[in-house]
Amino acid sequence: MVSYYDSNFGHWDMEDGQDDVDFYHEVQRKSVTKTCQGCRTRVKLLPHYAYCDSCATKIENGWDF
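Residues numbered from 1 in each chain as written. Predicted model: local features only at pLDDT ≥ 70, side-chain atom pairs only at ≥ 80, totals over all residues. Heavy atoms only, no water.

**Student:** Provide a residue-level description of a nonpolar patch on the surface, including the pertinent values.
**Tutor:** Taken together, the side chains of Tyr51, Ile59 and Phe65 define a hydrophobic patch exposed on the protein surface, amounting to about 270 Å² of accessible area. Along the chain, Phe65 turns up in the segment after helix H2 (53–60). (Patch = residues over 30% accessible without salt bridge, like charges linked within 9 Å, V, L, I, M, F, W, Y side chains within 5 Å. Areas by Shrake-Rupley, 256 points an atom, 1.4 Å probe, with all protein chains shown as cover. Salt bridge = Lys/Arg side-chain N within 4 Å of Asp/Glu carboxyl O. Helix = DSSP H or I, 4+ residues; strand = E, 2+ residues; numbered from the N terminus.)

Right, dumping it as structure tokens:
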């Protein structure tokens, strides 16, 4: 199994084959460098995302920035 990481979705375990890899690469192509609104780190995110995966997970678990 191959594992990838990006700031949009975190860790990707590519066990389902080429469709997952293609989707990962599509997300990477569409992502732009911007500042996460939570941790203020410069990351590559999809244009309509404001938070990196780490901060989005914290928000979903009740953290407040």
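**Student:** Any chance you could break down the environment of Val32 for me, citing the residues and the numbers?
**Tutor:** Among the structural elements, Val32 can be located in strand E3 (residues 32–35). We classify Val32 as partly exposed; its relative accessible area is 35%. Considering only alpha carbons, one finds Val32 and Tyr49, 17 residues apart in sequence, at a separation of 9.9 Å. Among all residues touching Val32, those that are not within four sequence positions of it are Val43, Lys44, Leu45 and Pro47. (Buried < 20%, exposed > 50% of the residue type's maximum accessible area, 1.4 Å probe, protein only. Contact = heavy atoms within 4.5 Å.)

**Student:** Got a sec to walk through the packing of aromatic side chains? Specific residues and values, please.
**Tutor:** What characterises a pair of aromatic rings is the spacing of the ring centres plus the angle enclosed by the ring planes. The final tally for this structure, using the stated rule, is six aromatic pairs. With centroids separated by 6.4 Å and ring planes inclined at 40°, the aromatic side chains of Phe9 and Phe23 adopt a geometry described as tilted. Linking Phe9 in the loop between strand E1 (2–6) and strand E2 (10–14) with Phe23 in helix H1 (residues 18–30), this pair joins segments that are 14 residues apart in sequence. Given the relative accessible area of 34%, Phe9 is considered partly exposed. Positioned above the aromatic ring of Trp63 is the side chain of Lys58, whose terminal nitrogen or guanidinium carbon lies 4.9 Å from the ring centre. (Phe/Tyr/Trp six-rings, centres within 6.5 Å; stacked < 30°, edge-to-face > 60°. Lys NZ or Arg CZ within 6 Å of the ring centre and 35° of its normal.)

All quantities given are derived from atomic positions and should not be read as evidence of function.
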